[in-house]
Amino acid sequence: MDYGFGVRLGRPFAEAVEAVTAALKKQGFGVLTTIDIRATLREKIGEEVEDYVILGACNPSLAHRALRADRRIGLLLPCNVVVRADGDGAVVEAVDPQVLVALAGSDGGLGEVADEAGRRLRAALGSLRD
């Protein structure tokens, strides 16, 4: 099962994180959380991985609509967007909101919200192409 979509960028990791954050903002998403996986794994278990962050992206109006449709959907929010170093470039991947609806089990109006969130996330990633 493919649970996300993404794009490879020919720019350094730090630039990619800035560009992704700006592209998400243009589509109405704010970044609520930034989880630095590399730093966490280094600090907690002494393991080294490539630069890797998880951005917790949220579009407040979409989140509100989703919560009205299913109060438990907060278990699957926010939409995660991963930025990771890949050679001299970066890979950006976003969760497919339709997968989150499938996990929720009952659509109850979530499908329309997921469609819009997916369109906006795809537009954000599409605008990053080099």
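Residues numbered from 1 in each chain as written. Predicted model: local features only at pLDDT ≥ 70, side-chain atom pairs only at ≥ 80, totals over all residues. Heavy atoms only, no water.

1. Quick notes on the overall build of the chain
Part 1 of the argument: Each helix and strand counted, the chain has five helices and five strands in total.
Part 2 of the argument: Overall, the chain shows an N-to-C arrangement of helices and strands of β-α-β-α-β-α-β-β-α-α.
Part 3 of the argument: The C-alpha radius of gyration computed for the chain amounts to 15 Å, which stays within 12% of the reference 14 Å derived for 130 residues, consistent with globular compactness.
Part 4 of the argument: The dimensions of the chain, computed from C-alpha atoms along their principal axes, are 45 × 35 × 25 Å.
Part 5 of the argument: Across the 130 residues in the chain, those meeting the buried criterion constitute 39%. (Helix = DSSP H or I, 4+ residues; strand = E, 2+ residues; numbered from the N terminus. Rg over C-alpha atoms; globule rule 2.2 N^0.38 Å. Buried < 20%, exposed > 50% of the residue type's maximum accessible area, 1.4 Å probe, protein only.)

2. Description of the environment of Arg65
Part 1 of the argument: With respect to the element layout, Arg65 can be found in helix 3 (residues 60-69).
Part 2 of the argument: Overall, Arg65 belongs to the partly exposed group, its relative accessible area being 28%.
Part 3 of the argument: Not counting chain neighbours up to four residues away, the residues in contact with Arg65 comprise Glu112, Val113 and Glu116.
Part 4 of the argument: Here the side chain of Arg65 touches Glu116 through a polar contact of 2.8 Å, side chain to side chain. (Contact = heavy atoms within 4.5 Å. Polar contact = N/O pair within 3.5 Å; in protein donor to acceptor, adjacent residues only side chain to side chain.)

By themselves, these observations are geometric and do not establish any function.
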